[in-house]
Every structure is written in C-alpha cells, then in structure tokens.
Amino acid sequence: MGPAELLVLTFPQETITVEAVKALGQLRTTGNIRVIDSLVVTRHADGEATYGELADFEHLQGVVPADLDELALIGPEDAQEAAELLEPGNVALLVLIEHLWAQAAAEALRAVGGRIATGVRIPPEHIDEAVRAAEARVAAGQ
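Residues numbered from 1 in each chain as written. Predicted model: local features only at pLDDT ≥ 70, side-chain atom pairs only at ≥ 80, totals over all residues. Heavy atoms only, no water.

Trainee: I tried to follow the overall build of the protein chain on my own but got confused; where do I start?
Mentor: When helices and strands are counted, the protein chain shows four helices and four strands. Order of helices (α) and strands (β) in the protein chain, N terminus to C terminus: β-α-β-β-α-β-α-α. Relative to a compact globule of 142 residues, whose C-alpha radius of gyration would be 14 Å, the protein chain shows 19 Å and is clearly more extended. By its C-alpha atoms, the protein chain is 55 × 40 × 25 Å across when sized along the principal axes. Residues classed as buried in the protein chain amount to 29% of the 142 residues present. Considering only residue pairs separated by 6 or more positions, the protein chain has 80% of its internal contacts joining residues 24 or more positions apart. Of the roughly 9,100 Å² that the protein chain leaves accessible, carbon and sulfur atoms contribute 56%. The centroid of the 9 positive side-chain charges in the protein chain is displaced by 10 Å from the centroid of its 23 negative side-chain charges. (Helix = DSSP H or I, 4+ residues; strand = E, 2+ residues; numbered from the N terminus. Rg over C-alpha atoms; globule rule 2.2 N^0.38 Å. Buried < 20%, exposed > 50% of the residue type's maximum accessible area, 1.4 Å probe, protein only. Contact = heavy atoms within 4.5 Å. Areas by Shrake-Rupley, 256 points an atom, 1.4 Å probe, with all protein chains shown as cover. Lys, Arg positive; Asp, Glu negative; His and termini not counted. Charge placed at Lys NZ, Arg CZ, Asp CG, Glu CD.)

As structure tokens, this is what we get:
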C-alpha cells in the first residue's frame, strides 16, 4: 500500500451535494488515488453535529458508485474532530485516500529497509505565497 491521507473537505451548506460526490468519483477514476473510506459530517444550524456514510443520504442514491468498496476506518472520534472545525450550517466530507501514484516509491523504499515516516500537507495558498516571495527576490536581484 502507498501512503494514505485523511482529508477534511468542508462546504458552506448543511448537506453534501451531488456535485461534490461526483467530483470525488472523478478523482477515483483517474487512478491516482484510491478512496479507502469516507464519511459526511454535518454541523446543523442549531450546532448539533451528525455523521453518516455517503450511501445513507437519499439524495445521493444512484450517484455513489456501486463499486465503492470502502473500509470502515473513519470513526466517531474523527467525525467529532471534524465537527469541531465546522461552523453551524456547514458540512464536511472526510476522505481517507491512498496515494496510488506513490505506491511504487513506497514499495521500493520498503524493499531496501526504508519507510515513509511522515508527510506534511502544505496548503496551495502557502505554496503560491512562497513562489511569489521567491519571484520577488529574483526580480530584486537577490
């Protein structure tokens, strides 16, 4: 297995949309990732938090891929942590993914006794900021 990562994707509405699930499905079909598990967490307008599997949502029937073979690895503790990040009236989609594109590298490392010990997710806006700063230094002749 390649490196895995738990992503918490938040949306400014109280229910997960068909479009969000379709976008997740498109990620699956590229072959770059494998969805290991997913869970929807909602913080209702009154502050109460609930969670459920994608298949539990009636409006998503027929949208969730029939071949979705997820393991139940995301639990209530994960749902509670995600709920604490949400404003009332917002929803989160927790997605545990395997990075298939890195699987060969992970296998090669294991074959020589190595392992991927950790990883750090750097938000795109931080990369953009660092690129702008580097470009400014180059433009200034530093």
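Right, picking up where we left off after that structure.
Trainee: Would you mind going over a nonpolar patch on the surface with me for this structure?
Mentor: On the surface, Val-120, Ile-122, Ile-127 and Val-131 cluster together into a nonpolar patch covering about 370 Å² of accessible area. Along the chain, the position of Val-120 falls in the loop between helix H3 (103–111) and helix H4 (124–139). Residue Val-120 is classed as exposed on the basis of its relative accessible area, which comes to 71%. (Patch = residues over 30% accessible without salt bridge, like charges linked within 9 Å, V, L, I, M, F, W, Y side chains within 5 Å. Salt bridge = Lys/Arg side-chain N within 4 Å of Asp/Glu carboxyl O.)

Trainee: Please clarify how the environment of Gly-119 should be interpreted in this entry.
Mentor: Counting through the fold element by element, Gly-119 comes out in the loop between H3 and H4. A relative accessible area of 62% places Gly-119 in the exposed class. Taking the C-alpha atoms as reference points, Gly-119 and Pro-76, separated by 43 residues in sequence, lie 24 Å from one another.

Trainee: How do you make sense of the pairing of strand E3 (residues 49–52) when you look at a structure like this?
Mentor: Two faces, one strand: in a regular strand the side chains alternate between the faces of the sheet. Bridging between strand E2 (residues 33–43) and E3 involves four bridges; their strand directions are antiparallel. The partner of Arg-43 across the bridge, within E3, is Ala-49. The hairpin turn running from E2 into E3, its antiparallel successor, is five residues long, and Gly-47 in that turn takes a positive phi close to 95 degrees. (Pairing = 2+ DSSP bridges.)

Trainee: Even after reading the chapter, I still don't get the sheet that holds strand E1 (residues 4–11), so can you show me in this structure?
Mentor: Whether parallel or antiparallel, the strands of a sheet pair through hydrogen bonds between backbone atoms. Read from one edge of the open sheet, four strands run E1-E4-E2-E3, paired in antiparallel fashion. Of all the strands in the sheet, the pair left with one neighbour each is E1 and E3. Taking each pair of neighbouring strands and ignoring which way they run, the sheet shows an average axis angle of 20 degrees. Here helix H2 (residues 76–85) sits on the sheet and contacts E1, E2, E3 and strand E4 (90–99); the angle it forms with E2, its principal contact strand, is near 60 degrees. (Axes fitted to C-alpha atoms, helices over the stretch in contact; angles between N-to-C directions.)

Trainee: Could you clarify how one ought to interpret the environment of Val-95 in this entry?
Mentor: Relative to the elements of secondary structure, Val-95 occurs in strand E4. Considering only alpha carbons, one finds Val-95 and Leu-39, 56 residues apart in sequence, at a separation of 6.7 Å. Residue contacts for Val-95: discarding those within four places in its chain leaves Glu-5, Leu-6, Leu-7, Leu-9, Leu-24, Val-35, Asp-37, Ser-38 and Ile-74.

Trainee: What's the story with the pattern of salt bridges in this structure? I'm lost.
Mentor: Pairing is possible between side chains that carry opposite charge, provided their charged atoms lie close to one another. According to the stated counting rule, one finds one salt bridge in the structure shown. Among the salt bridges present, the one from Arg-34 reaches Glu-98, with a minimum N-O distance of 2.9 Å. Here Glu-98 lies in strand E4 and Arg-34 lies in strand E2, a separation of 64 residues in the sequence. We classify Arg-34 as partly exposed; its relative accessible area is 30%.

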